[in-house]
Amino acid sequence: LFDGIYPFYSQKRKAAVFDVSTVIVIVVFLMFTCSFLLIIPGIRGRLRLYWTLRVLLSLLVGVVMVVVQFTGDWESGWVKANTSYKSFSRALVNVDIGLHVGLAGVNVTLVGNPVNQLNETINYNEHFAWTLDANYDRSYSEGLEKGLPNPILYVAEKFTPQSPCGVHRQYRISGHYASATLWVAFCAWLISNVLFSMPVLVYGGYMLLVTGAFVIFSLLSFSTGRISPMCPIRFGSAALRTGYGGSFWLTLAMGLLCSVAGVTVVALHYFNLDLLKTFFDLHEDKAEESQEMTEVYVNPHSVNKGL
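By the naming in an unreviewed UniProt entry, the chain goes by DOXA2 factor and is assigned to Eurystomus gularis. Within the UniProt record for the chain, the comment given under Subcellular location (unreviewed entry) is "Membrane". If you open the UniProt record of the chain and go to Sequence similarities (unreviewed entry), you find "Belongs to the DUOXA family."

Dropping the structure here:
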């Protein structure tokens, strides 16, 4: 051993702390937010509150629709069990086993209680992708070659195409269409912002309704993966059961927010247009334009000469 590691073998894979794609998206939207905060002092009076509310809510919806594409907790579950750690060994370990299903694949987490057992650090988070350009069987075979712990391989095997569970194709297709529908919702969100800035308020409200509708469609698409019952995942007397995770409920909240905002904009357009224009900083501008047009200066001498 060299510093506790075999010198001619690769080091053990460490648990993932964060997802790089998620961090990049959050940083980009934070840059937009900071840029807006720098110009807030230049907005006068009560309009400062309206601008802040509109921009921050819009950025929040946008960042959520992009971030949930890369998260892995659309469906998740945990179980605590005493189970075997390696093949051909009767040694048992006390671990927490987590299953996290996302749009692009499945993550299997294994954390020991305590982390150090059998002279090893038990802290794994393995990802098995099932996107259209990924090969789930290859990822699973690589896990076998690396000698991943038995609990991780046992859970991952339930989602292989050859598994009797038969959930691989269902989850893969539902995740693919959920992701595509979310990208359509993101495009509709961009169009709504353009329409609000033109300004064509009522059409911006319609596009918010379209955004909310496609977000809800993505949730319905992902839910089709749970139509067939999941195969039992048991570790002795303990069973791993899953339910909708944080990304699912966050996406649902954003879909409802877009729908409510769209209905509000359309309703105000037909019932209280002045309030809607005030909220979007248009009422005062229209009043100034009308005031300028009423102030006309006429030279009586020129009028009499022309007649």
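1. Some thoughts on the sheet that holds strand 3 (residues 105–117)
Read from one edge to the other, the open sheet built from five strands follows the order 4-3-2-1-7, with strand pairing classed as antiparallel. For this open sheet the edge positions go to strand 4 (120–129) and strand 7 (243–244), each flanked by a neighbour on one side alone. Across nine bridges, strand 3 lies against strand 4 in antiparallel orientation. Following the sheet pairing, asparagine 107 is matched in strand 4 by histidine 127.

2. What about the pattern of salt bridges?
One pass over the structure, following the stated rule, counts two salt bridges. Glutamate 120 is the salt-bridge partner of lysine 86, the closest N and O atoms lying 2.6 Å from each other. Residue lysine 86 is found in the loop between strand 1 (75–84) and strand 2 (92–101), and its partner glutamate 120 is found in strand 4; the two are separated by 34 residues along the sequence. On the basis of relative accessible area, lysine 86 is assigned to the partly exposed category, the value being 42%. Where glutamate 126 meets lysine 146, a salt bridge forms, and the shortest distance between an N and an O atom there is 3.8 Å. Of this pair, glutamate 126 sits in strand 4 while lysine 146 is found in helix 3 (residues 136–146), placing the two residues 20 residues apart along the sequence. Taking relative accessible area as the criterion, glutamate 126 reaches 2% and is therefore assigned buried.

Rules used in this analysis
- Residues numbered from 1 in each chain as written.
- Predicted model: local features only at pLDDT ≥ 70, side-chain atom pairs only at ≥ 80, totals over all residues.
- Heavy atoms only, no water.
- UniProt positions renumbered as here; feature names shortened; annotations may be inferred.
- Pairing = 2+ DSSP bridges.
- Helix = DSSP H or I, 4+ residues; strand = E, 2+ residues; numbered from the N terminus.
- Salt bridge = Lys/Arg side-chain N within 4 Å of Asp/Glu carboxyl O.
- Buried < 20%, exposed > 50% of the residue type's maximum accessible area, 1.4 Å probe, protein only.

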